[in-house]
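# Fold and contact review
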Amino acid sequence: MEMILSKFTEQVISSLGNLASNEIAKVLCVKNEISKLSRKLESMTAIIRDAEMTVVQYETTRDWLKKLREIIYEAENIIDRCMIEKEWLQPLVIQECNPSSVFKSCREAGVVYVIAGEIQELNQKLEGINLEGARLHLNPDMEDQIRLDLDISPDLEPDIVGREVESDSDNLIELLKREDIPNRPVFAIIGTIGVGKTTLARKVYHKASTMFEKRVWVHVSKDLRHLTMWSGERFCGKRETTVQQALLRTWLQGTKFLLVIDDVWSENVWDGLLEIQAQHGSPGSKALITTRNERVARRMGAVHLHNVKGLNEDDGWWLLRTRAFLDENNGHMQDIGRRIVQKCNGLPMAIRRIGCHLREVDSREDDWERIYSSDFCGISSTIRSAINMSYLELPYYLKRCFLYCSLYPEGSVIERKHITRQWIAEGFILPQENIAQRSTSAEEESEKCYDELLGRGLLLPENETHGSEGSKMPHLFRSFALLQSQDENFIGNPLDIGDFLKPYRLSITTGDVEAIRNGIRKLKSLRTIILCRNPLNDLGDIFLKFSHLRVLDLRDTQIECVARSLGSMAHLRYLSFANTQVREIPSSIENLRMLQFLILKNCTRLNSLPESLGRLANLRTLDISGAGLNQVKFGFSMMKELNCLRGFLVSLGDAENRNGWPFEDLRSLNKLTSLKILRLERTLTGEDARKSELDAKHRLKDLELCCSTDDGTPEISRAAKIKDVFESLKPGSSIVSLKLQNYYGHGFPSWIAPSHLRQLKRLTLDGCLHCQHLPSLGQMKSLKFLSINGSNLITYIGPEIRGTPDDEVAFPKLEKLVISKMSNLKSWGDLEIRDMPSLKNLRIFECPKLDSLPSWLKQCMALRSLHIDHADSLEAIENIPALKELEVRQNNKLKLISNLGKLEDLKVVDCLLLDFVQDVPSLRTVHSNARNSTELPQWLQPKKPFMLRRLEIVGPEDLLHSCSSATAPYWPVIQNVDHVYANLPDGSFYFSYAKSSSYFHKSARNLAHSSLQSSASFSMPILPQVEEVVSADEIINSSEQTGQSSNHAWMRILFTVLLFVAAHMFSLSSEY
């Protein structure tokens, strides 16, 4: 954490300077003390930087930095305290800043004295820290001692693994061959740390040996002072940049070249350095770079970005086993080995290093289990150093954001909205002013940080769930972040916190209610508490303990009551009770003058909100959507900073009960960027709705317009009224995301048109039951996501949805399309041949009358994934040439899957009539789930067997047993698959099979089942031990000797019964 302390200090110095010049400093009579504190900190910045640049080997240096960090945080708290007093004094009209009149208005007589005393005490502490710092023996290294400039040659590695490497290199070679791309273009291979970017570049470099007159491999040092170069495979040395530039120019002059620049950290490598040399090549020359940062590639003007993905589990297991020198016959190690691969997130670099480490332990499950449970960053300095290289490149504010992500539990989804708001509340993100002199909000800057962490691969995007965009932090990066922030952050049971650790951020993931209460009492300096999904149901006096807390996240807990002492947390900026049973918010919430984010989403037992909530002048986000509110007593007139309002309840017009707000209350909220309006059916006329003046809100980007659920057929007058209301809620053209929910008008509002919503990227039409035709959505040039859900009257999607696009391409940027709960939809008419060029993902759910897929899917050459669920009239899926992933679930009439030339992954769940899967030459992975069938599906038994790499079978025990040996009925199917995995419907393991070794790995239940069946005919071969590996060859040989050992039948029966009883007892004990 020390690596960011100097920048943190500079930020606090700047805040102190602003405070000293603020009127409140004069009012509180602390201007001189604040200026003194600022000067002392400024005088220490040089020694702080020296301490950070020193490799921190000495405990004294680490202790000094810890003490200093405590003071910096205390200084920030004092700044906060002064600004809080300013908020309390704000209502007063202070003409000439007369101290005597102001002191009378202070809430407490001793406020001024206390604040001044705190600053004086802090100055004294700083004096002592300064003297200690002067005695430290610091030896700063201006060159980074941790980041190593590794010159990686273009030589191919001996253990390259992964089918994607071959296909990806072939695809890049095809791109490099193209002559229709502008001269000397840049292609980029991007991906996270250790994912295999250089491996792929090497593969391309070697495959292109006959395509170019000259091939050059270059590595540029971080400081741009040195270039290391290879010509072809010949090493040409590492020299100063100016010398190598001249040599490079002579090589490239007038030749058709391929220039590979490996491990690019900054666009400066290209701009003004290598780009000049590349300009001297002949037409057809190409440049290929590898980089961890997508932004760098874009700034270099890359015409194509190729994202490298991690290894799949099978390839990762092969690599781990190879590097660990594990014999292939040790099949019992496969389960723990695959879990190790998963923990490595499929990163070849990490798998190699852990594999090498496994050589040092015995090939036993308990030894490997111990390695699995350990911290991979802790046991491998290579992994730690590789991640540290990327960490050091992060800007100061991004370092803090990255480390904060580790507070979320392992494997949990980090929702974009939650984390970005918490960063702001912690003070990591500040508004900026760009080149065009347009100030950007803290939310915009925070969103950029999130996107940058995604772009660098430090967070991995997760499929959207319930409309929320999220990501996960890979284990290796989280492990590194925990290590880096161990002095400030703690994750786990608070009782485990030692006496010497004083964390500022606490994420409670384990511990019962009593342990939590007792564990956190001693922690006085906390700024963040995250208690997600915790059994805690009563906070007690927790609010009194943590007066400096900035973030309190209690979502998904069992909290019911909130004490009045909530108002004592004066520094609090983020408060979430989402998805809890909270019944009441106390009126003391008005004391949280610094509160910026209040999340009460889905608090179904919360019936009312106090009037005092309306006095939170700094509130930026208020989310009350899904709350059980029937009474709201506050207004929005003082909330000048509010930019996100989720759950604006339309009033019934009853001024006494205040069950909502009139539309005119939205007028003053000029900073709104996100708005969700509920219960629009309450609106009397379109004229009332027009009072909201949504068209004047030029910052509004995200809009949801919702009626309450209405499954009945509305009267014509009601339908006409609601259509008039929605017409009157016409927003400005700044809208990026739009959702209409339970709209029951006959026909969509006229403003849902490409001529008005030019910037629209996301459109969700949910429960628009009575609309028979869709708008001309194909003309929306920016639309990337479209979801149509529950439009019951639509039987046919015709040419009206396409419209007449200007450039004759409909849906030019649409990437994801979701069609669901369309109970009468039968077909979708033809599109033109160039339409939907960007469609990658298609989802079709609960369309029972859809009898055929759109014919235009065959022209969607970007389509990668198709998921069809409960399309009960659909009989065939065929002729989609670009499709790579197909999932079908409970499609009752589906019989045929055919002519999918690029299909690699197929998942079939409960499609009982499916008989044929044919013309799928690229199929490699199959998942079959027939939980109620005792027979292997017919489509898995074609005359010409599939040559699969992986087969996953889920089904009842009788079915799985029929696959689990070389003498079983379905052995002809199993024997052609590289890896087979079989699980029971409850998810429990039954057996696995590896073709390369012909060995089965069986569960105790499987072995017991085999024993019972064998004993019935007195022909059971000698049984292996529970959870043992069985050779297919051994089984075949033993079956040939059937009948030869019947002399000891009674012993076998007894042994079988005992084994079965043991297995049964084991299964019972595992349930408890």
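In short, a report on the structure. Only a predicted model underlies this, so the values are computations on that prediction, with no experimental measurement involved. (Residues numbered from 1 in each chain as written. Predicted model: local features only at pLDDT ≥ 70, side-chain atom pairs only at ≥ 80, totals over all residues. Heavy atoms only, no water.)

## Things to note about the overall build of the chain
- Of the regular secondary structure elements, the chain holds 30 helices and 43 strands.
- Just so you have it, the chain exposes about 46800 Å², and 49% of that area is on carbon and sulfur atoms. (Helix = DSSP H or I, 4+ residues; strand = E, 2+ residues; numbered from the N terminus. Areas by Shrake-Rupley, 256 points an atom, 1.4 Å probe, with all protein chains shown as cover.)

## Considerations on the sheet that holds strand E35 (residues 896-898)
- The strand order across the open sheet formed by 3 strands is E33-E35-E37, and the pairing between neighbours is parallel. The open sheet has two edge strands, strand E33 (876-878) and strand E37 (916-918), and neither has a second partner. Averaged over all adjacent pairs, the angle separating strand axes in this sheet is 0°, with direction ignored.
- In this sheet, E37 lies alongside E35 in parallel orientation, the contact comprising 3 bridges. When the bridges of E37 are listed, Ser 898 appears paired with Gln 918. (Pairing = 2+ DSSP bridges. Axes fitted to C-alpha atoms, helices over the stretch in contact; angles between N-to-C directions.)

## Things to note about empty space enclosed by the protein
- Summed over the entire model, instances satisfying the criterion amount to 4 cavities of 30 Å³ or more.
- Approximately 70 Å³ is the volume attributed to the largest cavity.
- Around the largest cavity, the lining residues are Leu 817, Ile 819, Leu 825, Trp 828, Leu 842, Ile 844, Leu 850, Pro 854 and Trp 856.
- Of all elements in the fold, only strand E29 (816-820) and strand E31 (841-845) reach the threshold of two or more residues within the lining of the largest cavity.
- Partitioned by chemical class, the residues of the lining of the largest cavity number 9 nonpolar, no polar and no charged. (1 Å grid on protein atoms, 1.4 Å probe; cavity = no way out; pocket = protein on both sides within 12 Å on 5 of 7 lines; lining within 4 Å. Points joined across faces, edges and corners; volume = space filled by probe spheres on them. Nonpolar A, V, L, I, M, F, W, Y, C, P; charged D, E, K, R; others polar.)

## What to know about helix H12 (residues 313-323)
- Among the residues making up H12, those that are buried are Asp 314, Asp 315, Gly 316, Trp 317, Leu 319, Leu 320 and Arg 321.
- Taking the backbone nitrogen of Asp 314 as reference, a side-chain oxygen 3.2 Å away marks Asn 312 as the first, capping residue of H12.
- Where H12 terminates, the next one or two residues include Phe 325, which has phi positive at roughly 55°. (Buried < 20%, exposed > 50% of the residue type's maximum accessible area, 1.4 Å probe, protein only. Polar contact = N/O pair within 3.5 Å; in protein donor to acceptor, adjacent residues only side chain to side chain.)

## A word on the environment of Thr 382
- The topology assignment puts Thr 382 in helix H17 (residues 381-393).
- A residue is classified by how much of its surface remains accessible, and Thr 382, at 36% relative accessible area, is partly exposed.
- It is 8.6 Å that separates the C-alpha atoms of Thr 382 and Ala 350, two residues lying 32 residues apart in sequence.

## Observations regarding the sheet that holds strand E7 (residues 304-307)
- Overall, mixed pairing links the 7 strands, which are arranged E4-E3-E2-E5-E6-E1-E7 in an open sheet. Two strands close off the open sheet at either side, each with one partner strand: strand E4 (234-240) and E7. Adjacent strand axes in the sheet meet at a mean angle of 20° when their direction is disregarded.
- Relative to E4, helix H9 (residues 241-252) is tilted by about 140°, and along the sheet it contacts strand E2 (214-220), strand E3 (226-231), E4 and strand E5 (257-264). (Contact = heavy atoms within 4.5 Å.)

## With respect to the packing of helix H13 (residues 334-343) against helix H15 (residues 365-373)
- Relative to each other, H13 and H15 sit at 15°, their axes nearing to 10 Å. For the element pair H13 / H15, the angle class is roughly parallel. Pair H13 / H15 crosses with left-handed handedness. Between H13, through Ile 336, Gly 337, Arg 339, Ile 340 and Lys 343, and H15, the contact on the second element is made entirely by Trp 368, Glu 369, Tyr 372 and Ser 373.
- Considered class by class, the residues forming the contact of H13 with H15 number 4 nonpolar, 2 polar and 3 charged. (Parallel < 35°, antiparallel > 145°, perpendicular 65-115°, else oblique. Left-handed = near helix turned anticlockwise from the far one by under 90°.)

## Here we look at the side chain of Ser 285
- Within the secondary structure, Ser 285 is located in the loop between helix H10 (270-278) and strand E6 (286-291).
- Of note is the side chain of Ser 285, whose polar atom sits 3.1 Å from the backbone nitrogen of Phe 257.
- Among all residues touching Ser 285, those that are not within four sequence positions of it are Arg 184, Pro 185, Thr 255, Lys 256 and Phe 257.

## Observations regarding the pattern of salt bridges
- Counted under the stated rule, the structure contains 58 salt bridges.
- Overlapping salt bridges bring together Arg 69, Glu 76, Glu 426, Glu 488, Arg 505 and Arg 527 as one network. (Salt bridge = Lys/Arg side-chain N within 4 Å of Asp/Glu carboxyl O.)

## Comments concerning the packing of aromatic side chains
- According to the stated counting rule, one finds 23 aromatic pairs in the structure shown.
- Centre to centre, the rings of Trp 971 and Tyr 993 are 5.5 Å apart; their planes meet at 80°, and the pair counts as edge-to-face. Residue Trp 971 is found in helix H27 (residues 971-974), and its partner Tyr 993 is found in strand E41 (residues 989-994); the two are separated by 22 residues along the sequence.
- Residue classification places Tyr 993 among the buried residues on the basis of a relative accessible area of 3%.
- Members of the aromatic cluster, connected to one another through ring pairs, are Phe 634, Phe 636, Phe 648, Trp 661 and Phe 663.
- Note that Lys 256 overlies the ring of Phe 212, its terminal NZ or CZ placed 5.7 Å from the centroid.
- Sitting above the plane of the Phe 376 ring, Lys 343 keeps its charged end 4.6 Å from the centroid. (Phe/Tyr/Trp six-rings, centres within 6.5 Å; stacked < 30°, edge-to-face > 60°. Lys NZ or Arg CZ within 6 Å of the ring centre and 35° of its normal.)

## What to know about helix H8 (residues 197-207)
- By the criterion of burial, H8 is predominantly enclosed, with 9 of the 11 residues buried.
- Of all the positions in H8, only Lys 197, Thr 198, Thr 199, Leu 200, Ala 201, Arg 202, Lys 203, Val 204 and Tyr 205 are classed as buried.

## A short note on the pairing of E6
- Burial within E6 is extensive, with 6 of its 6 residues counted as buried.
- Neither face of E6 is open: one carries Lys 286, Leu 288 and Thr 290, the other Ala 287, Ile 289 and Thr 291, and all of them are buried.
- Where strand E1 (residues 186-190) and E6 come together, 5 bridges link them in parallel fashion. Counted as the bridge partner of Val 186 is Ala 287 from E6.
- The pairing of E5 with E6 spans 5 bridges and is parallel. Along E6, the bridge assignment pairs Val 260 with Leu 288.
- For the segment spanning E5, H10 and E6, crossover handedness is right-handed. (Right-handed = clockwise from strand over helix to strand, strands pointing away.)

## Concerning unusual backbone geometry
- A positive phi angle, near 55°, is found at Asn 345, a position not held by glycine.
- Turning to its location among the elements, Asn 345 is positioned in the loop between H13 and helix H14 (348-358).
- In this structure, Asp 919 is a non-glycine residue whose phi angle is positive, near 55°.
- Tracing the backbone through its elements, the reader meets Asp 919 in the loop between E37 and strand E38 (925-929).

## Things to note about the packing of helix H18 (residues 396-405) against helix H19 (residues 416-426)
- Taken N-terminus to C-terminus, the directions of H18 and H19 make an angle of 120°; their axes are 11 Å apart at the nearest point. Looking at the two axes, H18 sits oblique to H19. The chirality of how H18 crosses H19 is right-handed. On the side of H18, the interface is formed by Cys 401, Tyr 404 and Cys 405, while H19 contributes Ile 419, Gln 422, Trp 423 and Glu 426.

## Looking at the pairing of strand E22 (residues 644-649)
- Of all the 6 residues making up E22, 6 are buried; the element is thus mostly covered by neighbouring parts of the structure.
- Two elements, strand E20 (residues 621-623) and E22, share 3 bridges in a ladder whose sense is parallel. The residue of E22 that forms the bridge with Thr 621 is Cys 644.
- By the bridge criterion, 5 bridges tie E22 to strand E23 (residues 674-678) in an arrangement that is parallel. Bridge pairing links Phe 648 to Ile 677 in E23.

## Structural notes on the environment of Leu 156
- Note that Leu 156 resides in the loop between helix H6 (111-134) and helix H7 (163-177).
- Since its relative accessible area comes to 38%, Leu 156 is described here as partly exposed.
- Along the sequence, Leu 156 and Lys 203 sit 47 residues apart, while their C-alpha atoms lie 7.0 Å from each other.
- Setting aside residues no more than four positions away along its own chain, Leu 156 makes contact with Arg 202, Lys 203 and His 206.

## Quick look at a positive patch on the surface
- Taken together, Lys 761, Lys 784, Lys 813 and Lys 840 make up a surface patch of like positive charges.
- Tracing the backbone shows Lys 784 in the loop between strand E26 (762-766) and strand E27 (785-789). (Patch = residues over 30% accessible without salt bridge, like charges linked within 9 Å, V, L, I, M, F, W, Y side chains within 5 Å. Lys, Arg positive; Asp, Glu negative; His and termini not counted. Charge placed at Lys NZ, Arg CZ, Asp CG, Glu CD.)

## Some remarks on the environment of Asn 130
- Structurally, Asn 130 is set in helix H6.
- By relative accessible area, which is 29% here, Asn 130 ends up partly exposed.
- Between the C-alpha atoms of Asn 130 and Lys 40, which are 90 residues apart in sequence, the distance is 8.5 Å.
- Once residues lying within four places of it in the same chain are set aside, the contact partners of Asn 130 are Ser 43 and Met 44.

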